[in-house]
Structure formats: C-alpha cells, structure tokens
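# A closer look at the structure
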Amino acid sequence: MNLHLRDIANKHEWHNVRWFRRMAPVYDIVEIFARHIREKVVIDSGLSHGARVLDMACGTGAQSVAFAKYGFSVVGVDLSPDMLARAKMKVRNGYDVTFICRDASSVPYADSHFDLSTVSFGLHDMPEQIGLAVLREMRRVTKPDGKIVIVDYDVPRNALSAFLGHAVAKTWETVYYDHFLKAGLQHYLVEAELSAEEKENFVFANVQKVLCTNRKRT
Ligand SMILES: C[S@@+](CC[C@H](N)C(=O)[O-])C[C@H]1O[C@@H](n2cnc3c(N)ncnc32)[C@H](O)[C@@H]1O
C-alpha cells in the first residue's frame, strides 16, 4: 500500500471504529430488510460442501453465519471490534467460522485461497480508494473462476422508490454513502476489472446483488 493510500486508510479506520461503536448495538435492525438476501447469496453461490468463503467487511456477521449454517468454512474480516463482538455471539457449535479484525484491503491469505468472496453493504462505507483495494484483494485471494458476490445500494429507476430509499438510508449512512451512490457499483467493478454476470434487485430496487466470476488476467 502506498503512503497516500495508507494515510486514507488510517483516517478511515479512526472514523470507522468510532462510528460502528455507536451503531453495533442497533445494527441488526437491518436484518428486517436483509435476512432474505443473506439466504439468497448462499443458495445462488452454488458452492460445494466445505468450500472456503471470505466475507469482507462482515460487520455483525449475518452473511458469514448464513454461509456457516450451510457447512461452508468461513472467514469474516472487519475493522470494527464492536461489530465483530456481535458477530461472534451468532456462532453456534459446529459452525466453521473465524472472525478477524483488520482492514479488508489486505488479508493474511495466499493467492487463490478461497472458493468465493463476498462483500455486503461494505463498499458504500469506505472511501472509494479503499473499496477498490478491497475488491482487488478479493480477486487476489479468490480462486480463478471462483465467484465474487457484491451486495450494496442501487438507485431504482422508479423516482418514488429512489426518493424513499435515499431518505431512509440517509438517516443512518456514513460520509461515503453519497459518493458511492453517485459513482455507482458499476464504476467500482470496471475499476477492479470485474464484470457483473448476474444482477438481482431487492428492497424496491434500492439494493442490488451482483455476481461476478474471478477471471484471472493472462
Ligand atoms: C454497513 S456495515 C455492513 C456489515 C455487513 N457486511 C452486513 O452485510 O451487514 C459496514 C461494515 O464495513 C466495515 N468496514 C468499513 N471499512 C472497512 C475496511 N476497510 N476493512 C474492513 N471492514 C471495513 C465496518 O466496520 C462495518 O462493519
């Protein structure tokens, strides 16, 4: 990581740890909207039993645990110790899940270690440069032709749906949300040399799930 990016990452970490210290106790309210998306991410992944899954910016671990319930071996990575403390409470006997506290733009795993990597509602909560570094790290540690699944905000075509979605999200979102919405997930994918092969919308098209294949450059 170059010095400029390190500086952005340090400032972001300082802000992020404090923000999610306040959010952690109430964060799981989002499961009212997100629970069915977690399940869909797992089922649509088409993974074989025992596959290795990386959940970047895993927060309180709902997506990690959804994978672990199906017998997958999961690593969840997050910058916030408070969010991770909540994630650990969700782990049950027999789940193969490890949570680690660190910046998701650099994880201690070898190239091609995971069958699938995912980031849900994470990219809009970090500066663009860090988000791109996270996507590139996902590409590095995911096997060639492995899946990369991204869940995050979308802008609905329906103006009323867009207005309401934006108004609700603004009540709790971080400083990076506006930039993410304006730039759009597609911009992040292009920059990280990923392409969406499948896209599905949820919550009146305010949320999108995008599935990519990790095509390695030759
Ligand atoms: C809105 S929460 C999403 C949590 C979870 N993925 C979900 O789907 O509910 C955003 C999470 O991103 C984490 N985060 C932000 N920047 C990060 C980074 N650079 N590395 C790791 N985690 C990060 C925050 O700590 C927070 O837990």
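Since this is a predicted model, take the numbers as computed values, not measurements.

## Considering helix 5 (residues 128–141)
Taking 1.5 Å per residue as the helical rise, helix 5 with its 14 residues ought to reach 20 Å, and the 20 Å between its terminal C-alpha atoms agrees with that figure. Every buried residue of helix 5 is listed here: Glu128, Ile130, Gly131, Leu132, Ala133, Val134, Leu135, Glu137, Met138, Arg139 and Val141. In this fold, the buried residues of helix 5 make contact with helix 1 (3–23), strand 1 (52–56), strand 4 (114–120), strand 5 (142–153), helix 7 (177–183) and helix 8 (185–191).

## Digging into the sheet that holds strand 6 (residues 196–202)
Strand order in the open sheet formed by seven strands is 3-2-1-4-5-7-6, with mixed pairing between adjacent strands. Here the strands that pair on one side only, and so sit at the sheet edges, are strand 3 (97–101) and strand 6. In this sheet, neighbouring strand axes are inclined to one another by 15 degrees on average, regardless of whether the strands run parallel or antiparallel. The pairing of strand 2 (residues 73–78) with strand 3 spans five bridges and is parallel.

## Section: the site of the ligand
Lining the immediate environment of the ligand, one finds 20 residues, of which Tyr27, Arg38, Ala57, Asp78 and Ser120 sit closest. At 2.8 Å from an oxygen atom of the ligand is found a side-chain nitrogen or oxygen belonging to Arg38. One nitrogen or oxygen atom from the side chain of Asp78 is found 2.6 Å from an oxygen atom belonging to the ligand. If you tally residues by element for the shell around the ligand, the top one is helix 1, at three residues. A class-by-class count of the residues in the shell around the ligand yields 10 nonpolar, five polar and five charged.

## Quick look at the packing of aromatic side chains
Taken as a whole and judged by the stated rule, the model has five aromatic pairs. Ring centres of Phe121 and Tyr153 lie 6.3 Å apart, and the angle between their planes is 70 degrees; this geometry places the pair in the edge-to-face category. With Phe121 in the loop between strand 4 and helix 5 and Tyr153 in strand 5, the pair connects residues that are 32 residues apart, well separated along the chain. Of the two residues examined, Phe121 and Tyr153, each falls in the buried class. Between Phe180 and Tyr188 the ring centres are 5.2 Å apart and the planes differ by 55 degrees, which places this aromatic pair in the tilted class. On the accessibility criterion, Phe180 (1% relative accessible area) is buried. On the basis of relative accessibility, which here comes to 0%, the residue Tyr188 falls in the buried class. Linked through ring pairs, Phe121, Tyr153 and Tyr177 together constitute an aromatic cluster.

About the cut-offs
- Residues numbered from 1 in each chain as written.
- Predicted model: local features only at pLDDT ≥ 70, side-chain atom pairs only at ≥ 80, totals over all residues.
- Heavy atoms only, no water.
- Helix = DSSP H or I, 4+ residues; strand = E, 2+ residues; numbered from the N terminus.
- Expected span 1.5 Å × (residues − 1).
- Buried < 20%, exposed > 50% of the residue type's maximum accessible area, 1.4 Å probe, protein only.
- Contact = heavy atoms within 4.5 Å.
- Pairing = 2+ DSSP bridges.
- Axes fitted to C-alpha atoms, helices over the stretch in contact; angles between N-to-C directions.
- Near = heavy atom within 4 Å.
- Polar contact = N/O pair within 3.5 Å; in protein donor to acceptor, adjacent residues only side chain to side chain.
- Nonpolar A, V, L, I, M, F, W, Y, C, P; charged D, E, K, R; others polar.
- Phe/Tyr/Trp six-rings, centres within 6.5 Å; stacked < 30°, edge-to-face > 60°.

Take it as geometry only, folks, not as evidence of what the structure does.
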